[in-house]
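# Architecture at a glance
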Amino acid sequence: IQLFIFIFVLAILFDIKDINRDQEEHVNTIAVKMGKDKIRTRIILPILILSSILALIEIRFLNESFFNILPQLLLLVLVYWVSKLIMGVQSIFYNILLIDGLMLIKAILSSIFFL
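Residues numbered from 1 in each chain as written. Predicted model: local features only at pLDDT ≥ 70, side-chain atom pairs only at ≥ 80, totals over all residues. Heavy atoms only, no water.

Here we come to the overall build of the protein chain. Broken down by element type, the protein chain carries 6 helices and 0 strands. Shown N-terminal to C-terminal, the secondary structure of the protein chain runs as helices and strands in the order α-α-α-α-α-α. Seen through its principal axes, the protein chain has C-alpha atoms that stretch 50 × 25 × 20 Å. Across the 115 residues in the protein chain, those meeting the buried criterion constitute 34%. A separation of at least 24 residues holds for 61% of the contacts in the protein chain among residues at least 6 apart in sequence. Here the protein chain holds 10 positive side-chain charges and 9 negative ones, and the gap between their average locations is 8 Å. (Helix = DSSP H or I, 4+ residues; strand = E, 2+ residues; numbered from the N terminus. Buried < 20%, exposed > 50% of the residue type's maximum accessible area, 1.4 Å probe, protein only. Contact = heavy atoms within 4.5 Å. Lys, Arg positive; Asp, Glu negative; His and termini not counted. Charge placed at Lys NZ, Arg CZ, Asp CG, Glu CD.)

Here's what the structure looks like:
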């Protein structure tokens, strides 16, 4: 579930760079329907909060150590921070660099902490 949430949020962030073209071609993506301003507050933030709750459930019911879940929570904070950055930048190259950076960080953390 955590990986699905991560990829879903990245897909939404990736769609932001194509909003103008998608509107011209009448492609209905979440980014087009909601608009840039509402995506972070109505979709990304609630999904990240849900993911945080799932991580806390892992600690409570699966007897996971907080230090095992900490990298996952750190990744959620990074995703939110990147979502704020992407909303304010028009450069497609910069957006792709940020999203790919998140994927690289996820891969590194997964290799080290088995997320």
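With that out of the way, let us pick up the packing of aromatic side chains. Overall, the coordinates contain 2 aromatic pairs when judged by the stated rule. If you follow R60 out to its NZ or CZ, it ends over the ring of F61, 5.8 Å from the centre. The cationic tip of K106 hangs over the ring face of F6; the distance from NZ or CZ to the ring centre is 5.8 Å. (Phe/Tyr/Trp six-rings, centres within 6.5 Å; stacked < 30°, edge-to-face > 60°. Lys NZ or Arg CZ within 6 Å of the ring centre and 35° of its normal.)

Counting residues in hydrophobic clusters, the biggest one holds 27 residues, and the most contacted among them are L13, I16, I39, I44 and I86. Broken down by element, the residue count for this core peaks at 8 residues, all from helix α5 (residues 66-88). Not counting the four nearest positions on each side in its chain, I16 is found in contact with A31, K36, I39, I86 and M87. (Core = buried A, V, L, I, M, F, W, Y, C linked by side-chain atoms within 4.5 Å.)

Take the packing of helix α1 (residues 2-16) against helix α6 (residues 92-113) next. Contact geometry for α1 and α6: axes closest at 10 Å, N-to-C directions at 170°. Taken together, the axes of α1 and α6 lie roughly antiparallel to each other. As α1 packs across α6, the resulting crossing turns out to be left-handed. Residues L3, F6, L10, L13 and F14 of α1 form the contact with α6, whose own contacting residues are I96, I99, L102, M103 and K106. (Axes fitted to C-alpha atoms, helices over the stretch in contact; angles between N-to-C directions. Parallel < 35°, antiparallel > 145°, perpendicular 65-115°, else oblique. Left-handed = near helix turned anticlockwise from the far one by under 90°.)

Another aspect to go through is α1. In this model, α1 (15 residues) spans 22 Å end to end at C-alpha, consistent with the 21 Å of a helix rising 1.5 Å per residue. Inspection of α1 places Q2, I5, F6, V9, L10, I12, L13 and I16 among the buried residues, and these make up the whole buried set. One side of α1 carries all its buried residues, which in axial view fall inside an arc of 160°. The inward-facing, buried residues of α1 abut α2 (19-24), α3 (30-34), α4 (36-61), α5 and α6. (Expected span 1.5 Å × (residues − 1). Arc of directions from axis to C-beta.)

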